[in-house]
Amino acid sequence: MSGPVEKSTDITFERFFSRSLDMLAVADRQGAFIKLNNSWKIILGYTTEELEGRKFLEFIHPDDLDASLKVMNTLQELDQMMNFTNRYQCRNNCYKYIEWELEVYEDKIYITARDLSKRKQLKYELENENRFLNSIIDAIPDVIFLKDKDSKYLGCNKSFAERVAHSEKSLVIGKGDFDYFDDSVATRNVLQDKEVMESQKNVFNYITLKTPQGIAEYETIKTPLYNENGVVSGVIGISRDITLRKRIEEKLRQSEKNLRLLFENMTNGFSLQEVITNDQGEVVDFRYLMVNQAFETLMNQSQEQIIGKTMLELNPTADHHGIIKHMNSTVCKRLGYSEAELLGKSVLMVHPENRRGEVGGVVRDILKGKIDYSPIPAITKNGQEIPMETRITTGEWNSQEVTFGVMKDVSAAETANIAKSQFLANMSHEIRTPLNGITGFIELLSSMPLEKEQASYIAEVKASSDALLLLINDILDFSKIEAGMLLIENIPFSLHKLVDEAVTLFSPKAYGKGIEIVSYIGEVPDRVLGDSGRLRQVLNNIIGNAVKFTDTGEVVVKVEALKESKEKVLLQIIIQDTGIGMSEETKRKLFQVFMQADASTTRKYEGTGLGLSISKKIIELFGGDIEVVSELDRGSTFVITLELENGGIEDDSQRLSTHKSYDLSHLTVMIVDDTHSNRMIFREYLGATGCKVISAQNGQEGLEMLKGLPSESLPQIILVDYRMPGMSGHEFGKLVLKEKRLRDIKLILITSTAQQGEARLAKDIGFSGYIAKPVRKMELINIVLDVAELGLSVKSGNLATRHSMIEEDYEMTKARILLVEDMVANQRLEKTMLEKLGYEVELAVNGQQALEKSDKEKFALILMDCQMPVMDGYRATEEIKKRSSINQGTPIIAMTAHAMEGDREKCLAVGMDDYISKPITLAGLQKIVSQHINQKFS
């Protein structure tokens, strides 16, 4: 029998066993649970009944099982207490970290276990938080460090390690200032650390250091570091590199010195003024704070007499009722009045009578800051107007709101601009008039039967005259830009047509060199408002350069909308080539005047170096920008960004959306072309119609693809390029049509030339369509629509075409035109051109004669020169439109050699219907005349 003591011990043990917060258990030597307390249920979720008889090892995480087995084996062998940690499975199948203490006594294992999961989670979160804080501190560019009471480093951020210690962060710990700085700097730092810890206040200092990059200046703030008991245990420091700031401050000081020097030596009067307001905050006057020497001369007073006084006290201005209170002698001298004649009079007296109503509003707008200066001229006693520009701008100076005022007599500049404008107009007329005869007769000669050598000479003369015209245009444009007379119009035009025409213009030269030239117009509106002529000039210049500087590869023109609203569209026009490219030095000077990529005397490429400079100025007048990306021998990419007014739904998209009878979603079209850009553009254009597009990069690959396709997957139409390596488009077409299963496929030939007879040859082979490069979006879609809808084939005897060849004769009209021209050479040239186009011509040598003839005979159209003796074209047009009974409604087209801004508006203002600039070409004349006579020539 057990005694009372033993029984009492058992009761105590049971009480401890059942009430312990730790998990307690007894197991046999094999690890099977015999007895467990209630904490197992609380922590792991198991009841004692579920665990009794099951082995301890059953619930260990598989990854921890081997280590736990080793512990159990050691426990069995040595009969000693073992401590270890592992992951243990809960009743809900999750795992918790458990710390175990096992001990063998007699034939049993006594187990004590504690849940470490919360402690592990806290440790993990703390480590994450430390990593996060360290990442933030390391990301701060300022130098951050911590020191102990002996000024030894406890830690630092990445910036300190890299810029001061030049080592890893871990190697900084335990080091001191004497390890990184010279003795004088280190000693000062240590003394300052001591000051911070003793005073427990923030301390600033500035140090200059020698670094591998040069001298660096740092601004440092130090603050006490406290331990968990609130006792100072060290120093925290933050240092900022202020080298750049110091340099900027020095530059500002030097700039201020230079500005003051410039201010003092300016030829125009300049003053710095303080704004004076009343109790309601309204501007009522200005006080002079600083003036330059020119202002002293203008006011006829010294600085001492001006500074501190107000504008109303010194200047020739009026009080609030518009009465002049004071003026200086300069005003009297310039306007021709005596002081007595102006005192007490209205300020309106010194302004022109027809502008006096504007004075009050302009003064109020200047005082309120709505405008920068007054453009109203002054008027002298004898009635002469003097252009004056009184400029006032507001700003801040030494923390005071001030006004900067510049008074300038602009009469000399205005006179010079008028003279320059007149000179440009005259030069334009004098140069273009004889050039009109040269280029016109060359064009007529070119159309006549000539021997081979003669034709070669004519071609050289034409090329030279074209180059001369381009040079003249560039020089005139540059002069207009310099004079500030180059203006941008805002009229509706077709953007798609403009881009297509610009690309088409250079396609013969590109294909003659053996390079591809393609265009891609994305989802952009067609109808826009802007200056089509100037935009065309820019595109022609850049595309022309791309073709000129590219000998192999391609030139690609892309137009896309970056942003579009109902009112505006932001366009990006990209001209990319695979030409010679540019060096960094060439790119830097690319848009400078008269600068060229190759300016040597042996240069390969011709040009004045004006084109790109003018193009950049034009795009800037549009409010846009031109950028260039280029590498030597790797080609160039010009990116034009500009915003135009949206003119509504584009014609092409409208037409496309109205093709309700055409459904291309059932069509499969194959593209066979060796040029990646062509395949990409055709795929984009045709993909927009809903048809499926497949492509091959040469004829052989195309044939293999066709052979591998089942009959139901064959394309209905194949677009094939004529010129490809290995197999031409003709050869490909013949091989396709030879195969019985492929004969129903319709073939469309794409060619880079548009020569007579080519269409007939394509038709003889069996092609259903024929289109010339560069391929325009609607041309491509329309020819596919025609071939798909009409089922054109060789049997039908028709060939669908969308190219510029004229293979059929046309009947010329016998419309009668009145030509009004005073120069004999131009009379003969223009008369010959019109007769060649099939018109009958009546000649008048001046405006008076034109007026007389228009009263006697009805004409289909009148071509009117502008500058003529007796009566000029402007006056003649006004008279014909006003009094001619039979030609009052006849279209009158102006012919002028001025080509200056405002000429078109001047012509339209007097009643002319259109405008053509000399030198006149046969094609240009045909286009404008047929447009107004409503006669179309194919």
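Cut-offs applied
Residues numbered from 1 in each chain as written. Predicted model: local features only at pLDDT ≥ 70, side-chain atom pairs only at ≥ 80, totals over all residues. Heavy atoms only, no water. UniProt positions renumbered as here; feature names shortened; annotations may be inferred. Helix = DSSP H or I, 4+ residues; strand = E, 2+ residues; numbered from the N terminus. Buried < 20%, exposed > 50% of the residue type's maximum accessible area, 1.4 Å probe, protein only. Contact = heavy atoms within 4.5 Å. Phe/Tyr/Trp six-rings, centres within 6.5 Å; stacked < 30°, edge-to-face > 60°. 1 Å grid on protein atoms, 1.4 Å probe; cavity = no way out; pocket = protein on both sides within 12 Å on 5 of 7 lines; lining within 4 Å. Points joined across faces, edges and corners; volume = space filled by probe spheres on them. Nonpolar A, V, L, I, M, F, W, Y, C, P; charged D, E, K, R; others polar. Pairing = 2+ DSSP bridges. Axes fitted to C-alpha atoms, helices over the stretch in contact; angles between N-to-C directions. Core = buried A, V, L, I, M, F, W, Y, C linked by side-chain atoms within 4.5 Å. Domains from an automatic or database assignment. Patch = residues over 30% accessible without salt bridge, like charges linked within 9 Å, V, L, I, M, F, W, Y side chains within 5 Å. Areas by Shrake-Rupley, 256 points an atom, 1.4 Å probe, with all protein chains shown as cover. Salt bridge = Lys/Arg side-chain N within 4 Å of Asp/Glu carboxyl O. Parallel < 35°, antiparallel > 145°, perpendicular 65-115°, else oblique. Left-handed = near helix turned anticlockwise from the far one by under 90°. Expected span 1.5 Å × (residues − 1).

S.K.: Help me understand the UniProt feature "modified residue: 4-aspartylphosphate" (unreviewed entry) in the chain in this model?
M.R.: Those places that UniProt annotates as "modified residue: 4-aspartylphosphate" (unreviewed entry) correspond, in this numbering, to Asp721 and Asp865. Structurally, Asp721 is set in strand β27 (residues 717-721). Owing to a relative accessible area of 2%, Asp721 belongs among the buried residues under this scheme. Here Asp865 lies in strand β33 (residues 861-865). When near neighbours in sequence (up to four residues on either side) are disregarded, Asp865 contacts Val820, Glu821, Asp822, Gly873, Met895 and Lys918.

S.K.: Would you explain the packing of aromatic side chains in this entry?
M.R.: Here the distance between the centres and the angle between the planes together describe a pair of aromatic rings. Enumeration according to the criterion identifies 14 aromatic pairs in this entry. Their ring planes at 25° and their centres at 5.7 Å tell us that Phe56 and Tyr88 sit as a pair that is stacked. Here the residue Phe56 occupies a position in the loop between α3 (48-51) and α4 (65-78), and Tyr88 occupies one in strand β3 (residues 82-89), the gap between them amounting to 32 residues. When the ring of Phe59 is compared with that of Tyr88, the centres are 5.8 Å apart and the planes differ by 45°; the resulting orientation is tilted. Residue Phe59 is found in the loop between α3 and α4, and its partner Tyr88 is found in strand β3; the two are separated by 29 residues along the sequence. Residues Phe59 and Tyr88 agree in their burial class; the two are buried. Cluster of aromatic residues (ring-pair linked, three or more members): Phe33, Trp40, Tyr46, Phe56, Phe59, Tyr88 and Trp100.

S.K.: How should empty space enclosed by the protein be read in this particular structure?
M.R.: Empty pockets left among the atoms are what a rolling probe the size of a water molecule brings to light. The full count for this structure, using the stated rule, is two cavities of 30 Å³ or more. By volume, the largest cavity amounts to about 140 Å³. Looking at the largest cavity, it is lined by 16 residues, and the ones nearest its centre are Phe145, Phe181, Ile207, Thr220 and Ser239. Residue assignment for the lining of the largest cavity shows that the elements contributing at least two residues are β6 (143-148), α6 (158-165), β8 (203-211) and β9 (214-226). Along the lines of polarity and charge, the residues of the lining of the largest cavity split into nine nonpolar, four polar and three charged. The set of elements that each furnish at least two residues to the lining of the second largest cavity consists of β19 (516-521) and α22 (676-687).

S.K.: Would you mind going over the sheet that holds strand β34 (residues 892-896) with me for this structure?
M.R.: As summarised here, the arrangement of the five strands in space is β32-β31-β33-β34-β35, forming an open sheet in which the pairing is parallel. At either end of the open sheet lies a strand with only one pairing partner, and these are β32 (840-844) and β35 (914-917). Averaged over all pairs of adjacent strands, the angle between strand axes in this sheet comes to 20°, irrespective of strand direction. Bridge analysis of strand β31 (residues 816-820) against β33 gives four bridges, and the strand direction is parallel. By the bridge assignment, Leu818 is partnered in β33 with Ile862. With respect to the sheet, helix α28 (residues 847-854) is in contact with β31, β32 and β33, its orientation differing from that of β32 by roughly 130°.

S.K.: Looking at this model, I keep getting lost on the nonpolar core. Mind explaining?
M.R.: Nonpolar side chains tend to gather and get buried jointly when the protein is soluble and globular. Within the largest apolar cluster, 69 residues are counted, with the highest numbers of intra-cluster contacts made by Ile575 and Ile640. The two domains that each donate at least three residues to this core are domain 4 (495-649) and domain 5 (659-790). Excluding residues that lie within four positions of it along the chain, Ile640 makes contacts with Val538, Leu539, Ile542, Leu571, Gln572, Ile573, Ile575, Ile619, Asp625 and Ile626. Within the second largest apolar cluster, 27 residues are counted, among which are Leu51, Cys90, Ile109 and Ala113.

S.K.: Hey, could you run me through a nonpolar patch on the surface in this one?
M.R.: Taken together, the side chains of Phe132, Leu133, Ile136, Ile137 and Ile140 present a nonpolar region at the surface, about 410 Å² in accessible area. Mapped onto the fold, Ile140 is located in the loop between α5 (117-139) and β6.

S.K.: In this structure, what is going on with unusual backbone geometry? I would like to understand it.
M.R.: Glycine aside, residues mostly have negative phi, and peptide bonds are mostly found in the trans state. In this chain, Lys773 is followed by Pro774 through a cis amide linkage whose omega measures -10°. Checked against the element boundaries, Pro774 lands in the loop between β29 (769-772) and α26 (777-790). One non-glycine residue with positive phi stands out, namely Asp633, at about 65°. With respect to the helices and strands, Asp633 occurs in the loop between β23 (625-630) and β24 (636-646).

S.K.: For this particular structure, what's the right way to read the packing of helix α23 (residues 699-708) against helix α24 (residues 729-738)?
M.R.: Pairs of packed helices are described in terms of their axes, by the angle between the two and the distance that separates them. The N-to-C vectors of α23 and α24 enclose an angle of 15°; their axes lie 10 Å apart at closest approach. Relative to α24, α23 is oriented roughly parallel. Taken as a pair, α23 and α24 cross one another with a handedness that is right-handed. Listed contacts from α24 to Gly699, Gly702, Leu703 and Leu706 of α23 are Phe732, Leu735 and Val736. Here the contact of α23 with α24 is built from residues that sort into five nonpolar, two polar and no charged.

S.K.: Sorry if this is basic, but what is going on with α22 here?
M.R.: For the α-helix, the turn length of 3.6 residues means that residues three or four positions removed from each other point alike. An ideal rise of 1.5 Å per residue puts 16 Å on twelve residues; α22 measures up with 16 Å between its terminal C-alpha atoms. Along α22, the residues classified as buried are Ser677, Asn678, Arg679, Ile681, Phe682, Tyr685 and Leu686.

S.K.: In this structure, what is going on with the packing of α28 against helix α29 (residues 873-883)? I would like to understand it.
M.R.: At a minimum axis separation of 9 Å, α28 and α29 run at an interaxial angle of 20°. Relative to α29, α28 is oriented roughly parallel. Like other packed secondary-structure pairs, α28 and α29 cross with a definite hand, here right-handed. The segment α28 lies against α29, with Gly847, Ala850, Leu851 and Ser854 engaging Ala876, Glu879, Ile880 and Arg883.

S.K.: Would you mind going over the sheet that holds β3 with me for this structure?
M.R.: With antiparallel pairing, five strands are arranged side by side in an open sheet as β2-β1-β5-β4-β3. Strands with a single pairing partner mark the edges of an open sheet, and in this sheet they are β2 (33-36) and β3. Put simply, the sheet's adjacent strands are angled 30° from each other on average, direction ignored. Of the pairings in the sheet, the one linking β3 to strand β4 (residues 95-105) comprises eight bridges and is antiparallel in character.

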